[in-house]
Amino acid sequence: MQLDLWWDDLRYAWRNAVRRPAFTVLVVLTLALGIGASSAVLVLLDSILVQPLPYRDPGRLVFVWQSLPEHHVAELEPTPFDYTAWQALNGFSAVALIATDAHTLAGDDNPERVRGARVTASLMPLLGIAPQAGRAFEADEDHDAARATVILSDGLWRRRFGGDRSILGSSVTIDGEPRVVVGIMPPDAHLPGPLAGSDELFLPARMTQAEAQNAVSHNYSVVARLRSGATVASASAEAVLLADRLAIDRPESHRGLGVRLVPFDEQTSRTVKPVLLVVAGGVALLLLVACANVSSLLMARAAARQHDAAVRSALGATLRQLRSMAIAESIVFATLGGAAGLLAALWTAHAIVPLLAETLPAGVAVEMSTRVVLVTMSLSLCLGVSLGFVVSAHVDRRAGNVLRNSARTASGAPSIVRARSVLVATQVALSVVLLATSGLLLRSVAKLSRINPGFVAEHVLTFKVSLAGSGYSERARRVSLVTDLVERLNSVPGITRSALTSTIPFGGTRGANGVEIEGHPAPLGESIIIDQRQVTAGYFATMGIPLLEGRGFLETDDSRAERVIVVNRRMAERYWPNGDVVGARVRLTAGGDVRDWMRIVGVVEDVRHISLSRDSVPEMYSTYSQAPVETFTVVARTTGDPTAALPAVRTVLRALDPGLPLYDVRTMSDRISRSFAQTRATMLLLLVTAALAAALAGVGIYGAIWYSVSQRTQEIGIRLALGASRASIWWSVVSRALTLTIAGAVVGIGLTMLARPLLSGFLFETPMGDGTTLTWVVEALAALTFAASAVPALRAMRTDPMTALRNE
């Protein structure tokens, strides 16, 4: 029987919704805004953080990193020696070694630079993936005696070879070496976490005996599968014991080294998770604002229908039945809002994806799962019930009072006015949180964009060239090619200067070396690590890096001359505080010609190479003629749009050597912009969310003040009849709205301070209590409040006292 009555209430609520389409559309759209945004974030969270990774039993897969606790390095790439040692650990059932790099794929006079990985044969079985055609690598291919083979990714196979399966068994040239294609990976096969994107092709490890015992080159990644019964904690404890033993047995290479195991899901979602959590928090606040707005609308409607409720009560309807009808109506609205929100959620999620492109894990398919649909509709139902209870709490118990008075002066109206005032203040508070956090991020982005990176980024084109495997093993040939390349680029119309560097600023990588500084011995057991770059003579002028002391590189600083370097300001001030830096000497302690001293001939301004938010570090520059590397980045300063010079650049490189690939083409400004793309994307998403919340708050203020004025018509008429000025009536209405806004703003500022843990990683030189930002937010909401309350205030000011008193 109760079920039948409940069903009748739902049908009655549905009929009411259909009979008043304007009100229904307003409520449903408001709910759809909040629910749709929440569902869109749920789609992203589900696709990125909840959906299992595309590997066999991914919960048992871990990255194995080394660490340097003394230097606060949590994740240091391991060496081949450590990979071999970890294979003996009982906590691992399988261990694999991976070395990512770019490779030159030649053929058809169209060389292409592709990202690939050298892997041990254990990797594919460990991950639980297998080629869609051909075979995986075999154990003997881990050794250098094996023949040269390659496995292609599905994307490279289709793009480069047209999806022709006859490529299997054929030979392709990679880095100047012919390799037999033995397999083609499936479309969804991607390397995990930080290795993602380096999986266009796979090469066998083919390690020499010396490489397998290398304990100093930290340029590899290691992944492992936990043995059945083992946990991350137990395997970590065992690995730590091994690290402690190696620190004693091999102090020259393992002193101070620790071990850290990181599960795949944590490693994969690390970069995007903070953004999603911040955006999820913002969307949750937007949903609360939408719910407060809808509650206010439903209360106004309930007040307008108090007379109808009183009649029903007089005819025998119980208070429980009246409230049941209110709850049923809210459920109908929430269900419609949830359905509309679901329709918009997937589109919204796909619109967000491009903003997060720099941080999304590779191969993530953003799609709406059944789980998200169920959660969204459950959320809608819960909201409907909650809103219904809030509104039904104001259903008047005193039917007689309502029948004796007009609907406009129903005894329930004061409680509804108070409740709507609380809801308006709540909307303002939540809007302050969203506006303040997005404003803080906006301030951070503005400050980052004004940071001087140490060079002039405008009108600079950058691109990479690799000489690996192209017949340039001799240093003299590399220097000759680079000299010709720079000379020809300088003659291209539109290019004023060009140069090259081994590591471009904001390129995502950095090169460092251990050095010995004459007269500055390193502390016992430690080494001095300095970032090192190889550049051509015109690099500083091309990039606009100021020369502070001494000289830059000259064309005569070649292999026959004394080895020279240029250092940056930070290195000079740290190791030569007395200013006697020019003429001092430095030499490498590992790699290169460690016996050769290099004389400092100049000091240049500091350059921020990694990101604008990170200070520069001690750096030294070597001249390319004395230390020619195989892979480098060319920088060309142009008179106009840098990309306009790209066709001429390609022509120059093709004329020099058609077998050399040109890749990673970007303007310098674009490289800098991408360095804080995550903060900018978070700011944009929160800014849109905050704007929507502020708009809803404005609507809520307008509705609450309009309703208040309509309930106070008689009071306003009496005050006017007793001599009150119309200006005072106008101000009383506006001041009430401003009071609610100020109260909400105070609470909102307090809540903003609680968001510090979520935002700390995104803010740059901007405190959570930034006075300028908070002042802007309060002033903006005050202006919004003024605009929203002005019209109801004018209505109150124009009230006719005689008409009001006649109604009374």
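Residues numbered from 1 in each chain as written. Predicted model: local features only at pLDDT ≥ 70, side-chain atom pairs only at ≥ 80, totals over all residues. Heavy atoms only, no water.

**Remarks on the overall build of the chain**
Scanning the chain for helices and strands turns up 26 helices and 22 strands. Residues classed as buried in the chain amount to 51% of the 808 residues present. Put simply, 81% of the contacts in the chain that link residues at least 6 apart link residues at least 24 apart. Carbon and sulfur atoms provide 58% of the accessible area of the chain, an area that totals close to 35400 Å². (Helix = DSSP H or I, 4+ residues; strand = E, 2+ residues; numbered from the N terminus. Buried < 20%, exposed > 50% of the residue type's maximum accessible area, 1.4 Å probe, protein only. Contact = heavy atoms within 4.5 Å. Areas by Shrake-Rupley, 256 points an atom, 1.4 Å probe, with all protein chains shown as cover.)

**Structural notes on the packing of helix 23 (residues 726-753) against helix 25 (residues 771-797)**
Where helix 23 meets helix 25, the closest approach of the two axes is 8 Å, and the angle between their N-to-C directions is 150 degrees. One way to sum up the angle between helix 23 and helix 25 is to call them roughly antiparallel. The crossing of helix 23 and helix 25 is right-handed. Along the lines of polarity and charge, the residues of the contact of helix 23 with helix 25 split into 19 nonpolar, 3 polar and 1 charged. (Axes fitted to C-alpha atoms, helices over the stretch in contact; angles between N-to-C directions. Parallel < 35°, antiparallel > 145°, perpendicular 65-115°, else oblique. Left-handed = near helix turned anticlockwise from the far one by under 90°. Nonpolar A, V, L, I, M, F, W, Y, C, P; charged D, E, K, R; others polar.)

**Describing the pattern of salt bridges**
Counted by the stated rule, this structure contains 30 salt bridges. In this structure, Glu630 engages Arg478 in a salt bridge whose closest nitrogen and oxygen atoms are separated by 3.7 Å. Taken together, the positions of Glu630 in the loop between strand 20 (619-623) and strand 21 (631-638) and Arg478 in helix 16 (residues 475-490) put the pair 152 residues apart, joining distant regions of the chain. With relative accessibility at 32%, the residue Glu630 sits in the partly exposed group. Each of Glu112, Arg159, Arg160 and Glu200 takes part in a single network of salt bridges with overlapping partners. (Salt bridge = Lys/Arg side-chain N within 4 Å of Asp/Glu carboxyl O.)

**Some points on the pairing of strand 21**
Of all 8 residues that make up strand 21, 7 are buried, and the element is covered over most of its length. Bridge count between strand 12 (residues 460-466) and strand 21: 7 bridges; the pairing is antiparallel. Each bridged residue has a counterpart across the sheet, and for Lys464 the counterpart in strand 21 is Thr633. Two elements, strand 13 (residues 495-501) and strand 21, share 6 bridges in a ladder whose sense is antiparallel. When the sheet's bridge partners are listed, Ile495 is paired in strand 21 with Thr638. (Pairing = 2+ DSSP bridges.)

**Structural notes on the environment of Asp664**
With respect to the secondary-structure elements, Asp664 resides in strand 22 (residues 662-667). By relative accessible area, which is 25% here, Asp664 ends up partly exposed. As for Asp664 and Val465, which are separated by 199 residues in sequence, their C-alpha atoms are 8.8 Å apart. Among all residues touching Asp664, those that are not within four sequence positions of it are Thr462, Phe463, Lys464 and Arg671.

**What about the packing of helix 16 against helix 19 (residues 646-656)?**
Axis separation between helix 16 and helix 19 bottoms out at 10 Å; the angle between their running directions is 145 degrees. Judged by the twist between their axes, the crossing of helix 16 over helix 19 is right-handed. Taken together, the residues of helix 19 that come into contact with helix 16 (itself represented by Leu481, Asp484, Leu485, Arg488 and Leu489) are Val649, Val652, Leu653, Ala655 and Leu656. For the contact of helix 16 with helix 19, the class distribution of residues is 8 nonpolar, no polar and 2 charged.

**Thoughts on the environment of Phe23**
Position of Phe23 relative to the elements: it lies in helix 2 (residues 21-50). Judged by its relative accessible area of 19%, Phe23 falls in the buried class. Here the alpha-carbon distance between Phe23 and Leu297, two residues 274 residues apart in the chain, equals 8.8 Å.

**Describing the nonpolar core**
Counting 94 residues, the largest nonpolar core has Leu356, Phe455, Tyr539, Phe540 and Tyr621 as the members making the most contacts within it. In contact with Tyr621, not counting residues within four places along its chain, are Arg533, Val535, Tyr539, Phe540, Phe553, Val564, Ile565, Val566, Val604, Val607 and His609. Core analysis: the next-biggest nonpolar cluster, separate from the first, contains 27 residues, Ile98, Leu127, Ile129 and Ile151 among them. (Core = buried A, V, L, I, M, F, W, Y, C linked by side-chain atoms within 4.5 Å.)

**Let's talk about the packing of aromatic side chains**
Under the criterion given, the structure shown has 10 aromatic pairs. Both rings, one in Tyr575 and one in Trp576, keep their centres 6.2 Å apart while their planes meet at 70 degrees; by these two values the pair is edge-to-face. The exposure classification of Tyr575 matches that of Trp576, with both residues buried. Ring pairs connect the aromatic residues Tyr55, Phe63, Trp65 and Phe264, which therefore count as one cluster. The aromatic ring of Tyr472 is capped on one face by Arg477, whose charged end is 4.5 Å from the ring centroid. (Phe/Tyr/Trp six-rings, centres within 6.5 Å; stacked < 30°, edge-to-face > 60°. Lys NZ or Arg CZ within 6 Å of the ring centre and 35° of its normal.)

**Points about the side chain of Arg637**
Here Arg637 lies in strand 21. Despite its burial, Arg637 pairs with no opposite charge, the nearest such side chain being Glu458 at 6.0 Å. Residues contacting Arg637, with those up to four places away along its chain left out, are Val456, Glu458, His459, Val460, Gly494, Ile495, Thr496, Arg497, Thr542, Met543 and Gly544. (Lys, Arg positive; Asp, Glu negative; His and termini not counted.)

**Section: unusual backbone geometry**
At Asp57, a residue that is not glycine, the phi angle is positive and equals roughly 45 degrees. Topologically, Asp57 is positioned in the loop between helix 2 and strand 1 (61-68). For Asp57, a relative accessible area of 43% gives the class partly exposed. Look at Asp175: it is not a glycine, yet its phi comes out positive at around 55 degrees. Relative to the helices and strands, Asp175 is located in the loop between strand 7 (171-174) and strand 8 (177-184). We classify Asp175 as partly exposed; its relative accessible area is 23%.

**A closer look at a nonpolar patch on the surface**
Where nonpolar side chains cluster on the molecular surface, the patch consists of Tyr702, Trp706 and Val791 and spans about 250 Å² of accessible area. Mapped onto the elements of the fold, Val791 is located in helix 25. Using a relative accessible area of 42% as the deciding quantity, one classes Val791 as partly exposed. (Patch = residues over 30% accessible without salt bridge, like charges linked within 9 Å, V, L, I, M, F, W, Y side chains within 5 Å.)

**Observations regarding the confidence of the model for the chain**
The share of residues in the chain with pLDDT of 70 or more is 88%, and the mean pLDDT across the chain is 83. Confidence, read as mean pLDDT per element, is least for helix 14 (residues 399-404) in the chain (46) and greatest for strand 6 (residues 149-152) (95). A low-confidence stretch, residues 397-412 (pLDDT under 50), is modelled with 29 contacts involving residues beyond four sequence positions or located in other chains. (pLDDT = per-residue confidence, 0-100.)

**Some points on helix 19**
Taken together, the buried positions of helix 19 are Leu646, Val649, Val652, Leu653 and Leu656. The buried side chains of helix 19 occupy one side of the element, clustering within an arc of 120 degrees when seen end-on. With respect to the buried face of helix 19, the exposed residues turned more than 90 degrees away are Pro647 and Ala655. The inward-facing, buried residues of helix 19 abut strand 12, helix 16, strand 13 and strand 22. (Arc of directions from axis to C-beta.)

**Quick look at the side chain of Asp657**
For Asp657, the location among the structural elements is in the loop between helix 19 and strand 22. Of the buried charged residues, Asp657 lacks a salt bridge, with Arg477 as the closest side chain of opposite charge at 5.6 Å. A distance of 2.9 Å separates a polar side-chain atom of Asp657 from the backbone nitrogen of Gly659. (Polar contact = N/O pair within 3.5 Å; in protein donor to acceptor, adjacent residues only side chain to side chain.)

**Remarks on the environment of Trp86**
Here Trp86 shows up in helix 3 (residues 80-86). The contacts of Trp86, once residues within four sequence positions are left out, are Val64, Trp65, Gln66, Pro78, Phe92, Val95, Val222, Leu242 and Val259.

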